[in-house]
Amino acid sequence: MESANLFDDKMKQYFIETTENIDVPEDMFKKIKNKIDNRGEIIMRKNSIKRLVIVCVVCFTTAVTCIGAPKINSWISSSSRAEQSNSFPSGVEVYNQVGYNPKYVEVFLNEFKFESWNVLDTKGLDIDGNSVIELKDFKMYYERENKNEKEEFLTLSTSKVSESVFNQSIQYKSKFNDKIEYNTLTLHYSEMPYKFVPDDYELTQQDKKDMEDGVLEISYGTDKIENNLMQNITWYQDGIQYNISGNDVNLTENKFVEMAKTVINK
Amino acid sequence: MNEVEIIKEVQNGSLNAFAQLFELYKTQSIRIVYLITGDMYLSEDIVQEAFIKCYHSVKNLNNTELFKSWFFKLLTRMSWKYIDRQKKLVPFDDISQKADEEKTSESLNNFVQNEQYKELHAEIKNLELKQRTTIVLYYFNDMSIKEISKIMGCFEGTVKSRLYTARNKLKISLQISENNNIKERRCSDGICKFI
């Protein structure tokens, strides 16, 4: 009995001494309160169609077969939840939603600041329209503060995919492509002109030719015709595909590379 | 206000009362989760999420006097959920480093104790998750078998069995460590060079 008491005392003493300096950070309650205040807030933006398109276009692939990977002809995405959240998420929150731990930041280039995030259910379809792969994509939205009316934002999206699936996605044809080596990673930068048009828009001959050549994308559903430039940088790191995309943000390729490095080095 | 009154106010949506509840439970919460997971940053995330969930779910708690068990059950399950999804235990922080840093200036008795802590730490880290949780709730939280069974959602017999198994493993480890240290003490006294 005596030895049992000694053991019990040692155990208690061990736990007390091991944790005596452990406490929560000073700002924890503030963060909790912020999340409670912001929970369930629905954010709908005027240009939500554009935003969906930007998210979907980075997932589009040509029908290329890679050994050991499903033959994916196209991708579709839909929101996992009705609302987006504009509280910067914790690692646990993200993990609970998507089942993996992607890297992400709160600010890019000191100009684009976190605005909201959500999760998309993404499916890769084969040529017959059957779903061959299903993913949970984590999406962060960043807005540039400016005095113009024009909305300028970036997205950071992540997918947990095999390297062979990633390799399919980077074979997507675009008007301009470049590869940049950084540490042991290869960053793939691309640019694609994007035309947003009303539902009743009639394609011109030039539109059709450019689309056939793979140097133009058309998306229906806006009020007026808008010619934008879609820029994207993607890489594969630790089993996760990362994409940073911007629509008409007027950033150079180097700036996109800089943003990618910010995430890579997180 | 006493704790029951605070909880009732929280159930009515009072953030001020919730702030008081947070103050009451924050330190113990982070320490329990840390002892289960072994990762400080993860523990902060889990505790934060647990309090948020607590605020939104506490209105479903009928008997406010059972808040403590209810909340620690929430904390425990959240810790398990994350570890289970990862399908491996998060590597423990090296708590024993602190002992190493102090080694040069402390007394021999303190040194021996810290060496035992290193052994104990290593053994606790190797315990199966539910055994480790049982040990933490029993020794650190000072909970009864009955309380632990409610938190862990198992029979009291299961708690006893886990406690018994875990204690035996840890006792053996402590005993081995103590025997080694007795040899060191004897040597340092100059009684013998080799044992």
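Residues numbered from 1 in each chain as written. Chains lettered and ligands numbered in written order. Predicted model: local features only at pLDDT ≥ 70, side-chain atom pairs only at ≥ 80, totals over all residues. Heavy atoms only, no water.

Peer 1: Break down the overall build of chain A for me, with residues and values.
Peer 2: Counting secondary structure elements, chain A contains 7 helices and 10 strands. The burial tally for chain A puts 51% of its 266 residues in the buried class. Restricting to contacts in chain A with at least 6 residues of sequence separation, those with at least 24 account for 66%. Carbon together with sulfur atoms contributes 46% to the accessible area of chain A, which is approximately 13600 Å² in total. (Helix = DSSP H or I, 4+ residues; strand = E, 2+ residues; numbered from the N terminus. Buried < 20%, exposed > 50% of the residue type's maximum accessible area, 1.4 Å probe, protein only. Contact = heavy atoms within 4.5 Å. Areas by Shrake-Rupley, 256 points an atom, 1.4 Å probe, with all protein chains shown as cover.)

Peer 1: Can you tell me about the interface of chain A and chain B, naming the residues and giving the values?
Peer 2: Tallying the contact residues gives 33 residues for chain A and 43 residues for chain B. For the chain A and chain B pair, buried surface summed over both sides reaches about 3800 Å², with 69% attributable to carbon and sulfur atoms. Of all residues in chain A, the largest losses of buried area upon contact with chain B belong to Phe7(A), Tyr14(A) and Phe15(A), amounting jointly to 17% of the total for that side. Here Asp142(B) and Lys12(A) are joined by a salt bridge, their closest N and O atoms 3.7 Å apart. Where chain A touches chain B, the interface holds 8 residue pairs in polar contact (both at pLDDT 80 or more). Secondary structure elements with two or more residues in the side of chain A that touches chain B: helix H1 (2-19), helix H2 (28-38) and helix H4 (91-98) of chain A. Per-class residue counts for the side of chain A that touches chain B are 13 nonpolar, 8 polar and 12 charged. (Buried area = accessible area lost by both parts, 1.4 Å probe. Salt bridge = Lys/Arg side-chain N within 4 Å of Asp/Glu carboxyl O. Polar contact = N/O pair within 3.5 Å; in protein donor to acceptor, adjacent residues only side chain to side chain. Nonpolar A, V, L, I, M, F, W, Y, C, P; charged D, E, K, R; others polar.)

Peer 1: Please provide a residue-by-residue account of the pattern of salt bridges, values included.
Peer 2: As enumerated under the stated definition, the model contains 9 salt bridges over all chains in all. Here Asp8(A) and Arg167(B) are joined by a salt bridge, their closest N and O atoms 2.9 Å apart. With one member in each of two chains, Asp8(A) in helix H1 and Arg167(B) in helix H9 (residues 156-188) form a pair that bridges those chains. By the burial criterion, Asp8(A) is buried, and Arg167(B) matches it. Between Arg144(A) and Glu111(A) there is a salt bridge, with its nearest N and O atoms 2.7 Å apart. A residue pair is termed long-range when its members are at least 10 positions apart, and Arg144(A) in strand S4 (residues 131-144) and Glu111(A) in the loop between strand S2 (107-108) and strand S3 (112-125) qualify at 33 residues.

Peer 1: Account for the packing of aromatic side chains, with residues named and values stated.
Peer 2: A ring pair, where both rings are aromatic, is described by two values, the distance of the centres and the angle of the planes. Enumeration according to the criterion identifies 24 aromatic pairs over all chains in this entry. Ring geometry for Trp235(A) and Tyr242(A): centres 5.2 Å apart, planes at 5°, overall stacked. Assessed through its relative accessible area of 0%, Trp235(A) is described here as buried. Residue class for Tyr242(A) comes out buried when judged on its relative accessible area of 2%. Following the ring pairs from residue to residue traces out a cluster consisting of Phe29(A), Phe18(B), Phe22(B), Tyr25(B), Phe51(B), Tyr55(B), Phe67(B), Trp70(B), Phe71(B) and Phe72(B). One Lys or Arg, Lys130(B), reaches over the ring of Trp80(B) and ends 4.8 Å from the middle of that ring. Of note, Lys171(B) hangs over the ring of Phe7(A), and the distance from its end group to the ring centre comes to 5.4 Å. (Phe/Tyr/Trp six-rings, centres within 6.5 Å; stacked < 30°, edge-to-face > 60°. Lys NZ or Arg CZ within 6 Å of the ring centre and 35° of its normal.)

Peer 1: Help me get a handle on unusual backbone geometry, residues and values and all.
Peer 2: All names here are of chain A. Backbone geometry places Asn110, a non-glycine residue, at a positive phi of 60°. With respect to the helices and strands, the residue Asn110 is situated in the loop between S2 and S3. Phi angles above zero are rare outside glycine, and Asn250 is one such case at about 55°. Along the chain, Asn250 turns up in the loop between strand S10 (240-247) and helix H7 (253-264). The class of Asn250 is exposed, set by a relative accessible area of 64%.

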